[in-house]
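Secondary and tertiary structure notes
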Amino acid sequence: MKPLYLFPNLFTASSIFLGMMSVFYASRGSFVTACWFVVVCLVLDGLDGRVARLTNTTSKFGLEFDSLADVVAFGAAPSIIAYFYIGHTYGRMGMAACALFVIFGAIRLARFNVTTQTTDPYSFIGIPIPTGAVLVVLAILLDRKYALFKEQYGHLMLAYIVFLGVMMVSNIRYPNFKKVQWNLKLFVLLLIFLLLIFIKPLEVLSGFMFLYLCYGIVRWLFVMGRILLKRKH
């Protein structure tokens, strides 16, 4: 392997490392740090592919390595964090909910790998596993800050985790920002978005990710509604 080919894979390896660090920190009760590690993994996941394309170092090894890294950083890590945070208080139900998230995430990755050449490159089928993972940890961070679920509503967190798992293996389409053609307007919007994240990182990032989740659902309902209306006529 040429040295230049190692460069994008360093980002992938870093994602695995931070994913494991998040598990270790969660096991010690440092949930805020653990959750932000997963968010950083999302950034690294976006960089490895772009660096590989920019340096013309894409390879089959890199693709397989990236998928395995996603299982760790975006499957196992957020699931274990959620279990240590709330799942352990619900016994086997908590175990099952957190385990299902990993299983559905692995299915999502497998489906993506075998259909990536035949599907629309501008959209994802089901929410990507990094998105699902970040939505899990952002909910935990919001709960730590605002006590959204509280102790008596912890089962809602488990239901939310299972729901995200189902959304990963659903046929609902979501936009693929990796294929966006950049221009000046998008660059300005990105700068404004980054400025807002600098001011209120948790709230802005959570709002954006939850809007992304809802966008696919609303769009799917709209499309299904149009199909039903056509059938009636």
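Use the structure listed above.
Residues numbered from 1 in each chain as written. Predicted model: local features only at pLDDT ≥ 70, side-chain atom pairs only at ≥ 80, totals over all residues. Heavy atoms only, no water.

Turning to the packing of helix H7 (residues 184–199) against helix H8 (residues 201–232), a few remarks are in order. The N-to-C vectors of H7 and H8 enclose an angle of 130°; their axes lie 5 Å apart at closest approach. Considered as vectors, H7 and H8 are oriented oblique to each other. Here Phe-193, Leu-196, Ile-197, Phe-198 and Ile-199 of H7 lie close against H8, whose contacting residues are Pro-201, Val-204 and Phe-208. (Axes fitted to C-alpha atoms, helices over the stretch in contact; angles between N-to-C directions. Helix = DSSP H or I, 4+ residues; strand = E, 2+ residues; numbered from the N terminus. Parallel < 35°, antiparallel > 145°, perpendicular 65-115°, else oblique. Contact = heavy atoms within 4.5 Å.)

This part takes up the nonpolar core. The nonpolar side chains of a soluble globular protein tend to be buried with one another. With 52 residues, the main nonpolar core has Ile-81, Ile-127, Ile-140, Met-157, Leu-164 and Tyr-174 as its most contacted residues. Those elements that provide at least two residues to this core are helix H1 (3–27), helix H2 (31–54), helix H3 (60–85), helix H4 (91–115), helix H5 (129–146), helix H6 (154–168) and H8. Element by element, the count of residues in this core is highest for H5, at eleven residues. Not counting residues within four places of it along the chain, the set of residues in contact with Ile-81 comprises Ser-22, Ala-26, Phe-31, Ala-34, Cys-35, Val-38, Val-137 and Ile-140. (Core = buried A, V, L, I, M, F, W, Y, C linked by side-chain atoms within 4.5 Å. Buried < 20%, exposed > 50% of the residue type's maximum accessible area, 1.4 Å probe, protein only.)

So, on to unusual backbone geometry. Notably, Ala-147 is not glycine yet its phi reads approximately 50°, a positive angle. Turning to its location among the elements, Ala-147 is positioned in the loop between H5 and H6.

Turning next to the packing of aromatic side chains. For the coordinates displayed, the defined rule picks out eight aromatic pairs. Ring geometry for Phe-31 versus Tyr-85: centroids 5.1 Å apart, planes at 80°, classification edge-to-face. Of this pair, Phe-31 sits in helix H2 while Tyr-85 is found in helix H3, placing the two residues 54 residues apart along the sequence. You can call Tyr-85 buried: its relative accessible area is 15%. With a centroid separation of 6.4 Å and 50° between ring planes, the pair formed by Phe-112 and Phe-124 is classed as tilted. One end of the pair, Phe-112, is in helix H4; the other, Phe-124, is in strand E1 (residues 123–125), with twelve residues separating them in the sequence. Judged by relative accessible area, which is 35%, Phe-112 ranks as partly exposed. The ring of Tyr-25 has Arg-28 sitting right over it, with the charged end atom 4.8 Å from the ring centre. (Phe/Tyr/Trp six-rings, centres within 6.5 Å; stacked < 30°, edge-to-face > 60°. Lys NZ or Arg CZ within 6 Å of the ring centre and 35° of its normal.)

Turning our attention to the packing of H4 against H6. The contact between H4 and H6 brings their axes to 8 Å, and the two run at 15°. With respect to H6, the axis of H4 lies roughly parallel. Between H4 and H6 the crossing geometry is left-handed. Taking contact as the criterion, the partners of Met-93, Gly-94, Ala-97, Phe-101, Phe-104, Gly-105, Arg-108 and Arg-111 in H4 are, on H6, Leu-158, Ile-161, Val-162, Leu-164, Gly-165, Val-166 and Met-168. Residue composition of the contact of H4 with H6, grouped by class: ten nonpolar, three polar and two charged. (Left-handed = near helix turned anticlockwise from the far one by under 90°. Nonpolar A, V, L, I, M, F, W, Y, C, P; charged D, E, K, R; others polar.)

Tracing the backbone shows Trp-220 in helix H8. Its relative accessible area of 38% is what places Trp-220 among the partly exposed residues. For the pair Trp-220 and Phe-37, spaced 183 residues apart in sequence, the C-alpha separation works out to 32 Å.

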